[in-house]
2 protein chains.
Amino acid sequence: MKQLLIVAHGSRRSASNDEIRVLAGKIAEYLELPAQRVQVAFLELALPSIETALNDCFESGIDEVCVLPYFLASGSHVVTDVPREIAAVQSKWPDKVIKLLPHIGAADAMVKLIATAY
Amino acid sequence: MKQLLIVAHGSRRSASNDEIRVLAGKIAEYLELPAQRVQVAFLELALPSIETALNDCFESGIDEVCVLPYFLASGSHVVTDVPREIAAVQSKWPDKVIKLLPHIGAADAMVKLIATAY
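Residues numbered from 1 in each chain as written. Chains lettered and ligands numbered in written order. Predicted model: local features only at pLDDT ≥ 70, side-chain atom pairs only at ≥ 80, totals over all residues. Heavy atoms only, no water.

1. So, the overall build of chain A
- Each helix and strand in chain A was counted, giving four helices and four strands.
- What you see in chain A, going N to C, is helices and strands ordered as β-α-β-α-β-α-β-α.
- Against the compact-globule benchmark of 13 Å for 118 residues, chain A has a radius of gyration of 14 Å, which places it among compact chains.
- In terms of overall dimensions, chain A has a C-alpha envelope of 45 × 35 × 30 Å along the principal axes.
- Counting the 118 residues in chain A, one finds 47% classified as buried.
- Counting only contacts in chain A whose residues sit at least 6 apart along the sequence, the fraction spanning at least 24 positions is 74%.
- With an accessible surface of roughly 5,600 Å², chain A has 53% of that area assigned to carbon and sulfur atoms.
- Of the side-chain charges in chain A, 11 are positive and 14 negative, and the distance between the mean point of each set is 3 Å. (Helix = DSSP H or I, 4+ residues; strand = E, 2+ residues; numbered from the N terminus. Rg over C-alpha atoms; globule rule 2.2 N^0.38 Å. Buried < 20%, exposed > 50% of the residue type's maximum accessible area, 1.4 Å probe, protein only. Contact = heavy atoms within 4.5 Å. Areas by Shrake-Rupley, 256 points an atom, 1.4 Å probe, with all protein chains shown as cover. Lys, Arg positive; Asp, Glu negative; His and termini not counted. Charge placed at Lys NZ, Arg CZ, Asp CG, Glu CD.)

2. Description of the sheet that holds strand β4 (residues 97-100) of chain A
Residue and element names in this part refer to chain A.
- Strand order in the open sheet formed by four strands is β2-β1-β3-β4, with parallel pairing between adjacent strands. Looking at strand neighbours, the two that pair on one side only are β2 (38-42) and β4, the edges of this open sheet. Adjacent strand axes in the sheet meet at a mean angle of 25°, parallel and antiparallel pairs treated alike.
- Two strands pair when backbone bridges link them, and strand β3 (residues 64-69) and β4 are joined in this way by four bridges, in the parallel orientation. (Pairing = 2+ DSSP bridges. Axes fitted to C-alpha atoms, helices over the stretch in contact; angles between N-to-C directions.)

3. Description of the interface of chain A and chain B
- Residue-level contacts link 38 residues of chain A with 38 residues of chain B.
- Together chain A and chain B conceal approximately 3,300 Å² of surface at their shared face, both sides included; 75% is due to carbon and sulfur atoms.
- Seen at the junction of chain A and chain B, the total is zero salt bridges.
- If you list the elements that add at least two residues to the side of chain A that touches chain B, you get β1 (2-8), α1 (14-30), β3, α3 (76-92) and α4 (110-117) of chain A.
- Along the lines of polarity and charge, the residues of the side of chain A that touches chain B split into 25 nonpolar, eight polar and five charged. (Buried area = accessible area lost by both parts, 1.4 Å probe. Salt bridge = Lys/Arg side-chain N within 4 Å of Asp/Glu carboxyl O. Nonpolar A, V, L, I, M, F, W, Y, C, P; charged D, E, K, R; others polar.)

4. Points about the relation of the copies chain A and chain B
- Superposing chain A onto chain B requires a rotation of 180° together with a translation of 0.0 Å along the rotation axis, leaving an RMSD of 0.0 Å. Between the two chains, the operation in question is that of a two-fold axis. Closest approach to the rotation axis within chain A is made by the C-alpha atom of Leu72(A), at a distance of 3.7 Å.
- The overlap is high: 100% of the interface residues of chain A also sit at the interface in chain B, so the same surface is used on both sides. (Least-squares fit on C-alpha atoms with pLDDT ≥ 70 in both.)

5. Let's talk about unusual backbone geometry
- The amide bond that connects Leu47(A) to the next residue, Pro48(A), takes the cis arrangement and shows omega of 5°.
- Assignment of secondary structure puts Pro48(A) in the loop between β2 and α2 (50-59).
- Despite not being glycine, Leu45(A) shows a phi value in the positive range, around 70°.
- Take Leu45(A): it is sitting in the loop between β2 and α2.
- Accessibility expressed as a relative area gives 44% for Leu45(A), which makes it partly exposed.
- Positive phi, close to 55°, is recorded for Glu32(B), a residue that is not glycine.
- You can see Glu32(B) is positioned in the loop between α1 (14-30) and β2 (38-42).
- Since its relative accessible area comes to 73%, Glu32(B) is described here as exposed.

6. Notes on the nonpolar core
- Counting residues in each nonpolar core, the largest one holds 46 residues, and the members touching the most others are Tyr70(A), Met110(A), Tyr70(B) and Met110(B).
- Those residues in contact with Tyr70(B), other than ones at most four positions away along the chain, are Leu72(A), Gly105(A), Met110(A), Ile114(A), Ile6(B), Val7(B), Ala8(B), Ile20(B), Leu23(B) and Ile104(B). (Core = buried A, V, L, I, M, F, W, Y, C linked by side-chain atoms within 4.5 Å.)

7. A short note on the pattern of salt bridges
- Scanning the model with the defined rule gives eight salt bridges over all chains in all.
- Of the charged contacts, one joins Arg21(A) and Asp18(A) as a salt bridge, the two residues approaching to 2.8 Å between their closest N and O atoms. Taken as a pair, Arg21(A) and Asp18(A) lie in helix α1 at a separation of three residues, close to a single helical turn.
- Look at Arg21(A) and you get partly exposed, because its relative accessible area is 37%.
- A residue is classified by how much of its surface remains accessible, and Asp18(A), at 38% relative accessible area, is partly exposed.
- Among the salt bridges present, the one from Lys92(B) reaches Glu51(B), with a minimum N-O distance of 2.7 Å.

Right under this line is the structure:
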């Protein structure tokens, strides 16, 4: 079983974190997946942490998790922090697959999305 | 003359800020606009600031600027910081139009973009 984990920055504003949770639900719906196949985690300021979310996945029998850094630019969170947290979990679950996707800002379709918003 | 100003968070990593600048160029290209019609500004950690970018626009004769908060969730930067900076500039240029767009994470097309990345 595969799993998508959307990793967002996290905010002190709970409405902001809820926005990411709602988005995850919409993505599961769009992909016609059960809601639990698309989870969220937060780098800071909100829960669950990346470590907790990945542990939960693996403990529930998931073999592979695709981690999508939900960040717009390759700042230190994308380049250093998220990969470091993932590496730490991977070392505890050597038989599980954690696939780190490019951050969302790198998606080719972003140009069109912004142009449409404008 | 209208102008798009993409406001990103800003990073200590210059490569991250350059990523936003490159994106602005691609958006201008996509919209078939001169490159200078799509500018970037940063909330913190990088230049130009929102204030400087808007001042530059208005001093060069632009009458209306659409500001796109290039943020994924409505955290305090989107809800408080960006609007506050814009209001401060607007008070200095009462005859100019600053149109604040919804943050990019609110775009309906984001669900499909993420689903495709996955």
